[in-house]
Amino acid sequence: ANDMWTGYNTKFYTTGDGGHIFVSNPGGGISNIWHFAEQIEMADDACDFMAKNYPSQDRSAFVTEVNQLCIGFTGNNGHLWTADPFNDDILWAVIAFARASLITGNSTWLTDAENNFFAVWNRAQPINPANGQQITDGSWGIQQEGPALPGRLYAGTNYPFVIAGHVLYDIT
(Lines give C-alpha, C1' and ligand atoms only; values in the text may rest on other atoms or scores of the structure.)
Protein backbone atom coordinates (compact mmCIF):
# COMPACT_ATOMS: atom_id res chain seq x y z
CA ALA A 1 0.00 0.00 0.00
CA ASN A 2 2.83 2.37 0.85
CA ASP A 3 4.57 1.70 -2.50
CA MET A 4 1.31 2.33 -4.35
CA TRP A 5 0.77 5.63 -2.52
CA THR A 6 4.34 6.71 -3.15
CA GLY A 7 3.99 5.92 -6.86
CA TYR A 8 0.74 7.87 -7.13
CA ASN A 9 2.25 10.87 -5.39
CA THR A 10 5.28 10.74 -7.67
CA LYS A 11 3.03 11.15 -10.72
CA PHE A 12 0.32 13.51 -9.49
CA TYR A 13 1.33 15.34 -6.25
CA THR A 14 3.04 18.71 -6.58
CA THR A 15 3.38 22.13 -4.96
CA GLY A 16 0.90 24.88 -5.83
CA ASP A 17 -1.55 27.47 -4.53
CA GLY A 18 0.23 27.86 -1.19
CA GLY A 19 0.01 24.15 -0.38
CA HIS A 20 0.13 20.99 -2.39
CA ILE A 21 -2.12 19.92 -5.20
CA PHE A 22 -2.90 16.93 -7.33
CA VAL A 23 -2.71 17.46 -11.08
CA SER A 24 -5.16 15.86 -13.48
CA ASN A 25 -2.34 14.16 -15.38
CA PRO A 26 1.43 14.09 -14.97
CA GLY A 27 2.66 17.56 -15.90
CA GLY A 28 -0.94 18.73 -16.43
CA GLY A 29 -3.37 21.17 -14.87
CA ILE A 30 -4.91 21.14 -11.43
CA SER A 31 -7.62 18.57 -10.85
CA ASN A 32 -11.21 19.82 -10.83
CA ILE A 33 -13.09 20.07 -7.53
CA TRP A 34 -14.55 16.57 -7.67
CA HIS A 35 -11.29 14.87 -8.67
CA PHE A 36 -9.29 16.89 -6.15
CA ALA A 37 -11.78 16.04 -3.38
CA GLU A 38 -11.52 12.34 -4.17
CA GLN A 39 -7.74 12.61 -4.16
CA ILE A 40 -7.85 14.26 -0.74
CA GLU A 41 -10.05 11.37 0.39
CA MET A 42 -7.37 8.96 -0.86
CA ALA A 43 -4.87 10.80 1.36
CA ASP A 44 -7.42 10.61 4.22
CA ASP A 45 -7.71 6.86 3.59
CA ALA A 46 -3.93 6.44 3.54
CA CYS A 47 -3.66 8.18 6.90
CA ASP A 48 -6.51 6.11 8.35
CA PHE A 49 -4.90 2.92 7.00
CA MET A 50 -1.61 3.77 8.70
CA ALA A 51 -3.37 4.60 11.99
CA LYS A 52 -5.34 1.32 12.01
CA ASN A 53 -2.68 -1.06 10.69
CA TYR A 54 0.54 0.49 11.97
CA PRO A 55 -0.47 2.38 15.13
CA SER A 56 3.07 2.60 16.45
CA GLN A 57 4.50 4.11 13.25
CA ASP A 58 4.84 7.84 12.81
CA ARG A 59 2.16 9.08 10.42
CA SER A 60 2.99 12.78 10.65
CA ALA A 61 3.99 12.83 6.96
CA PHE A 62 0.48 11.64 6.04
CA VAL A 63 -1.14 14.20 8.33
CA THR A 64 1.01 16.95 6.81
CA GLU A 65 0.10 15.80 3.31
CA VAL A 66 -3.64 15.92 4.08
CA ASN A 67 -3.28 19.41 5.53
CA GLN A 68 -1.16 20.64 2.59
CA LEU A 69 -3.68 19.23 0.11
CA CYS A 70 -6.50 21.13 1.82
CA ILE A 71 -4.39 24.30 1.71
CA GLY A 72 -3.78 23.73 -2.02
CA PHE A 73 -7.47 22.99 -2.62
CA THR A 74 -8.62 26.18 -0.90
CA GLY A 75 -5.84 28.15 -2.57
CA ASN A 76 -7.29 27.09 -5.91
CA ASN A 77 -11.02 26.97 -5.06
CA GLY A 78 -11.45 29.29 -2.08
CA HIS A 79 -13.36 28.33 1.05
CA LEU A 80 -16.84 28.43 -0.52
CA TRP A 81 -17.07 26.10 -3.51
CA THR A 82 -20.41 27.14 -5.00
CA ALA A 83 -18.75 28.30 -8.23
CA ASP A 84 -18.91 24.60 -9.12
CA PRO A 85 -22.43 24.10 -10.50
CA PHE A 86 -22.57 20.44 -9.48
CA ASN A 87 -23.75 19.88 -5.93
CA ASP A 88 -22.37 16.35 -5.73
CA ASP A 89 -18.84 17.65 -6.50
CA ILE A 90 -19.12 20.03 -3.56
CA LEU A 91 -20.46 17.29 -1.29
CA TRP A 92 -17.52 14.97 -2.00
CA ALA A 93 -15.25 17.87 -1.01
CA VAL A 94 -17.33 18.33 2.17
CA ILE A 95 -16.68 14.69 3.09
CA ALA A 96 -12.96 14.99 2.33
CA PHE A 97 -12.61 18.19 4.39
CA ALA A 98 -14.63 16.89 7.33
CA ARG A 99 -12.37 13.84 7.48
CA ALA A 100 -9.30 16.05 7.03
CA SER A 101 -10.36 18.10 10.06
CA LEU A 102 -10.33 14.94 12.18
CA ILE A 103 -6.95 13.84 10.84
CA THR A 104 -5.19 17.21 11.10
CA GLY A 105 -7.03 18.86 13.97
CA ASN A 106 -7.43 21.92 11.72
CA SER A 107 -10.83 23.44 12.53
CA THR A 108 -10.78 25.51 9.32
CA TRP A 109 -11.41 22.33 7.33
CA LEU A 110 -14.45 21.53 9.47
CA THR A 111 -15.77 25.07 9.04
CA ASP A 112 -15.30 24.80 5.27
CA ALA A 113 -17.11 21.45 5.26
CA GLU A 114 -20.05 22.78 7.28
CA ASN A 115 -20.39 26.01 5.27
CA ASN A 116 -20.40 24.17 1.96
CA PHE A 117 -22.82 21.50 3.21
CA PHE A 118 -25.31 24.23 4.14
CA ALA A 119 -24.65 26.08 0.87
CA VAL A 120 -25.65 22.96 -1.07
CA TRP A 121 -28.72 22.46 1.13
CA ASN A 122 -29.82 26.04 0.56
CA ARG A 123 -29.38 26.01 -3.22
CA ALA A 124 -30.39 22.44 -4.03
CA GLN A 125 -34.02 22.38 -2.93
CA PRO A 126 -36.16 21.51 -5.96
CA ILE A 127 -39.11 23.45 -7.26
CA ASN A 128 -42.54 21.82 -7.20
CA PRO A 129 -43.70 22.04 -10.83
CA ALA A 130 -47.35 22.07 -9.72
CA ASN A 131 -47.10 25.36 -7.83
CA GLY A 132 -43.64 26.78 -8.58
CA GLN A 133 -42.70 26.81 -4.88
CA GLN A 134 -39.39 25.61 -3.56
CA ILE A 135 -39.65 22.45 -1.47
CA THR A 136 -37.54 23.15 1.60
CA ASP A 137 -38.17 20.10 3.77
CA GLY A 138 -35.94 17.70 1.81
CA SER A 139 -38.85 15.40 0.98
CA TRP A 140 -38.07 15.45 -2.74
CA GLY A 141 -34.33 15.05 -2.32
CA ILE A 142 -31.92 17.62 -3.69
CA GLN A 143 -31.01 18.78 -7.18
CA GLN A 144 -27.86 17.83 -9.02
CA GLU A 145 -27.04 21.33 -10.23
CA GLY A 146 -27.00 24.66 -8.50
CA PRO A 147 -29.05 27.68 -9.56
CA ALA A 148 -27.20 28.14 -12.85
CA LEU A 149 -28.36 24.70 -14.08
CA PRO A 150 -31.61 23.96 -12.22
CA GLY A 151 -33.92 21.07 -12.58
CA ARG A 152 -32.52 17.55 -12.33
CA LEU A 153 -33.19 15.49 -9.23
CA TYR A 154 -30.43 12.95 -9.10
CA ALA A 155 -29.78 10.10 -6.69
CA GLY A 156 -26.04 10.63 -7.16
CA THR A 157 -26.39 13.94 -5.33
CA ASN A 158 -28.53 12.62 -2.51
CA TYR A 159 -26.03 9.83 -1.75
CA PRO A 160 -23.05 12.10 -0.91
CA PHE A 161 -25.43 14.50 0.84
CA VAL A 162 -26.45 11.77 3.28
CA ILE A 163 -22.85 10.64 3.78
CA ALA A 164 -21.67 14.23 4.35
CA GLY A 165 -24.51 14.82 6.80
CA HIS A 166 -23.60 11.72 8.80
CA VAL A 167 -19.89 12.54 8.83
CA LEU A 168 -20.58 16.10 10.01
CA TYR A 169 -23.07 14.88 12.62
CA ASP A 170 -20.52 12.40 13.98
CA ILE A 171 -17.84 15.09 14.22
CA THR A 172 -19.96 17.86 15.68
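Residues numbered from 1 in each chain as written. Predicted model: local features only at pLDDT ≥ 70, side-chain atom pairs only at ≥ 80, totals over all residues. Heavy atoms only, no water.

A. Region of the structure containing the pattern of salt bridges. Considering all chains together, one arrives at three salt bridges under this definition. With a shortest N-O distance of 3.3 Å, Arg99 and Glu41 are connected by a salt bridge. Here Arg99, found in helix 4 (residues 87–104), pairs with Glu41, found in helix 2 (residues 33–53); they are 58 residues apart in sequence, far enough to count as distant. Neither Arg99 nor Glu41 differs from the other in exposure class; each is buried. The shortest N-O distance in the salt bridge between Asp48 and Arg99 comes to 2.7 Å. Placement of Asp48 in helix 2 and of Arg99 in helix 4 is noted, with a sequence separation of 51 residues between them. Relative accessible area serves as the criterion here: at 15%, Arg99 is assigned to the buried category. Here the salt bridges do not stand alone but share partners, grouping Glu41, Asp45, Asp48 and Arg99 into one network. (Salt bridge = Lys/Arg side-chain N within 4 Å of Asp/Glu carboxyl O. Helix = DSSP H or I, 4+ residues; strand = E, 2+ residues; numbered from the N terminus. Buried < 20%, exposed > 50% of the residue type's maximum accessible area, 1.4 Å probe, protein only.)

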